[in-house]
Amino acid sequence: MAGIESLGNIKTYRRLGIMGGTFDPIHFGHLVAAEEARVQYQLEHVVFMPTGRYEHKEACQYVSPEERFTMVVIATASNPYFSVSRLEVDRAGPSYTIDTIRAVSEACGTETELYFITGADAVLDVTSWRDYEKLADFCRFIAVTRPGYDLAHLRAIVSRGENAPQIDTIEVPALAISSTDLRNRVSEGRPIRYLMPDSVANYIHKSGLYR
Ligand code: NAP
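Please read all numbers here as calculations on a predicted model, not as lab measurements. (Residues numbered from 1 in each chain as written. Predicted model: local features only at pLDDT ≥ 70, side-chain atom pairs only at ≥ 80, totals over all residues. Heavy atoms only, no water.)

Caption draft 1: Expanded view of the pairing of strand β2 (residues 45-50). Most of β2 is tucked away, with six of its six residues classed as buried. Of the two faces of β2, the one lined by His45, Val47 and Met49 and the one lined by Val46, Phe48 and Pro50 are each fully buried. Of the pairings in the sheet, the one linking β2 to strand β3 (residues 82-84) comprises three bridges and is parallel in character. Bridge pairing in β3 places valine 46 opposite phenylalanine 82. (Buried < 20%, exposed > 50% of the residue type's maximum accessible area, 1.4 Å probe, protein only. Helix = DSSP H or I, 4+ residues; strand = E, 2+ residues; numbered from the N terminus. Pairing = 2+ DSSP bridges.)

Caption draft 2: Focus on the sheet that holds strand β4 (residues 113-119). An order of β3-β2-β1-β4-β5-β6 is seen for the six strands of this open sheet, with the pairing classed as parallel. On the outer flanks of this sheet lie β3 and β6 (167-171), each paired with one strand and no other. The average angle at which neighbouring strand axes cross in this sheet is 25°, direction not considered. Note: strand β1 (residues 15-21) against β4, five bridges, orientation parallel. For arginine 15, the partnering residue across the bridge sits in β4 and is glutamate 113. (Axes fitted to C-alpha atoms, helices over the stretch in contact; angles between N-to-C directions.)

Caption draft 3: Up close: the side chain of threonine 118. Looking at the secondary structure, you find threonine 118 in strand β4. When its relative accessible area of 8% is taken as the criterion, threonine 118 is described as buried. Setting aside chain neighbours within four positions, we find threonine 118 in contact with Gly20, Val123, Ile142, Ala143 and Val144. (Contact = heavy atoms within 4.5 Å.)

Below you can see the structure in the form of structure tokens.
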């Protein structure tokens with residue numbers, strides 16, 4: 001299956017993290033969150049899964065899926081526990097998490113526990129995601145937040161019944177950094193250094209992204 005082969009010997013993992021996001025662009029908040037989840041949940045590996053296109057967000061995608069994928073590859077290259085999948089980037093239709101999780105689950109086998117890691121704001125809408133009630137059959141959720149984030153809405157989702165996926169939360173101070181702010185900074189000529197790896201900042205400047 002396209003995008004799965006890049007994940008190495010996936011069948012050997014017992015606990016695998018899937019870090020889902022648009023990463024437009026990736027920043028230190030994402031990287032710290034993935035590393036924190038890896039250590040806290042004893043994940044053997046974390047696969048970054050940049051979104052392809054999804055219909056409801058087409059208008060606010062700033063750079064192509066291919067460029068977002070490239071930035072994630074550059075950002076994660078130095079961590080042997082991280083890899084990046086092309087699964088959603090190469091998918092022809094819209095990106096639905098249930099399709100991704102199903103594909104990874106089939107590739108891993110039933111022995112592997114899957115953890116879907118993403119932003120708490122994104123998880124808040126989980127009840128509107130395609131086949132949301134089936135997600136719980138395949139994975140647990142780790143919702144990453146900045147300190148001070150109001151978790152009441154997330155708790156309400158968790159308590160909504162047996163079909164809701166299990167949602168854990170992790171607080172990461174570096175998530176004060178946001179992709180929206182970074183895009184604004186580039187377009188206004190303000191610095192992005194020290195908010196993301198230098199290699200990604202250089203790629204953005206050289207490619208003229210977000211101007
Ligand atoms: P988003 O709406 O662009 O982001 C919402 C918030 O979450 C933003 O504050 C964002 O911060 C943060 N965030 C997103 N991904 C993050 C991550 N991996 N780590 C830390 N913070 C993160 O959300 P999105 O990126 O489009 O979607 C997130 C994930 O949910 C993706 O994997 C997507 O495929 C999935 N999703 C699935 C469905 C569906 O299946 N129907 C629908 C919606 C989303 P930054 O902007 O700084 O990243």
